[in-house]
Amino acid sequence: MEIFETVASFDAATHRQAATYTDTEDVENGRIIRVWAVEPIPPEEIAAAEAAKRRSERDAAMPEPLNILSRHRNQRDFGLPTTLTDEQAVAWAVYLQGLRDYPETGVWPDKPE
């Protein structure tokens, strides 16, 4: 006998397919209809996934200010003309610190111009 599988529609942000199902025999069509159960995702798993997403976004943004500040420090340390003024370097350092703090604060910092 053929098995026809289905899952009830659900919001994937808050629910997931469970490991259990219910089989019902469909005699008329000569098959078994298997309906997979849906279960809520525990709030701590949702929170952990959201925190991981925020960290990933933050990590993707960090190389730019790190590289800009590294270049500024190298230019200054070797007595070369600097691309940034000291005020601009401070603004990039504040932005970088804001990125480091972002997952805990929930506030995305403003990028210097």
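Residues numbered from 1 in each chain as written. Predicted model: local features only at pLDDT ≥ 70, side-chain atom pairs only at ≥ 80, totals over all residues. Heavy atoms only, no water.

Chemist: Quick question: what am I supposed to make of the overall build of the protein chain here?
Modeler: Along the protein chain, the regular secondary structure elements total three helices and three strands. When the helices and strands of the protein chain are listed from N to C terminus, the series reads β-β-β-α-α-α. Computed over C-alpha atoms, the radius of gyration of the protein chain comes to 26 Å, more than 25% over the 13 Å expected from 2.2 N^0.38 for 113 residues, which places it beyond the range of a compact globule. In the protein chain, of all internal contacts separated by at least 6 residues, the share reaching a separation of at least 24 is 50%. Within the structure as shown, the protein chain displays about 8,100 Å² of accessible surface, and the carbon and sulfur contribution to it stands at 53%. Distance between charge centres in the protein chain, computed from 12 positive and 21 negative side chains, equals 9 Å. (Helix = DSSP H or I, 4+ residues; strand = E, 2+ residues; numbered from the N terminus. Rg over C-alpha atoms; globule rule 2.2 N^0.38 Å. Contact = heavy atoms within 4.5 Å. Areas by Shrake-Rupley, 256 points an atom, 1.4 Å probe, with all protein chains shown as cover. Lys, Arg positive; Asp, Glu negative; His and termini not counted. Charge placed at Lys NZ, Arg CZ, Asp CG, Glu CD.)

Chemist: Help me understand helix α2 (residues 63–77), please; the structure alone is not making it clear to me.
Modeler: Residues lying three or four places apart along an α-helix face the same way, a consequence of the helix completing one turn every 3.6 residues. Counted at 1.5 Å a residue, the expected span for α2 with its 15 residues is 21 Å, and the 21 Å between its end C-alpha atoms agrees. Where the residues of α2 are buried, they touch α1 (43–61) and α3 (86–105). Directly beyond the C-terminal end of α2, a positive phi value near 70° is found at G79. (Expected span 1.5 Å × (residues − 1).)

Chemist: What am I meant to see in the packing of aromatic side chains here?
Modeler: How two aromatic rings sit relative to each other is set out by the distance from centre to centre and by the angle between their planes. Within this structure, the stated rule accounts for three aromatic pairs. Here the aromatic rings of W92 and Y95 are separated by 5.8 Å at their centres, their planes lie at 85°, and the arrangement is edge-to-face. Separated by three residues within a single helix, W92 and Y95 lie in helix α3, roughly one turn from each other. Taking relative accessible area as the criterion, Y95 reaches 4% and is therefore assigned buried. Taken together, a centroid distance of 4.9 Å and an interplanar angle of 80° make the contact between Y102 and W108 edge-to-face. In this structure, R31 packs its charged tip against the face of F4, placed 4.7 Å from the ring centre. A cation over an aromatic ring shows up here: R34 above the ring of Y21, its NZ or CZ 4.0 Å from the ring centre. (Phe/Tyr/Trp six-rings, centres within 6.5 Å; stacked < 30°, edge-to-face > 60°. Buried < 20%, exposed > 50% of the residue type's maximum accessible area, 1.4 Å probe, protein only. Lys NZ or Arg CZ within 6 Å of the ring centre and 35° of its normal.)

Chemist: I tried to follow the side chain of H72 on my own but got confused; where do I start?
Modeler: In this fold, H72 is placed in helix α2. In this view, H72 contacts T82, L84, T85, D86 and A89; residues no more than four positions away in its chain are not counted.

Chemist: Looking at this structure, how should I read the sheet that holds strand β2 (residues 15–26)?
Modeler: Each strand in a sheet pairs with another by means of backbone hydrogen bonds, the pair being arranged parallel or else antiparallel. With mixed pairing, three strands are arranged side by side in an open sheet as β1-β3-β2. Either end of the sheet is taken by a strand with one partner, and the two such strands are β1 (2–7) and β2. Here the average twist between neighbouring strands, direction ignored, is 25°. The sheet contact formed by β1 and strand β3 (residues 31–40) spans six bridges and is parallel. The residue of β3 that forms the bridge with V7 is W36. (Pairing = 2+ DSSP bridges. Axes fitted to C-alpha atoms, helices over the stretch in contact; angles between N-to-C directions.)

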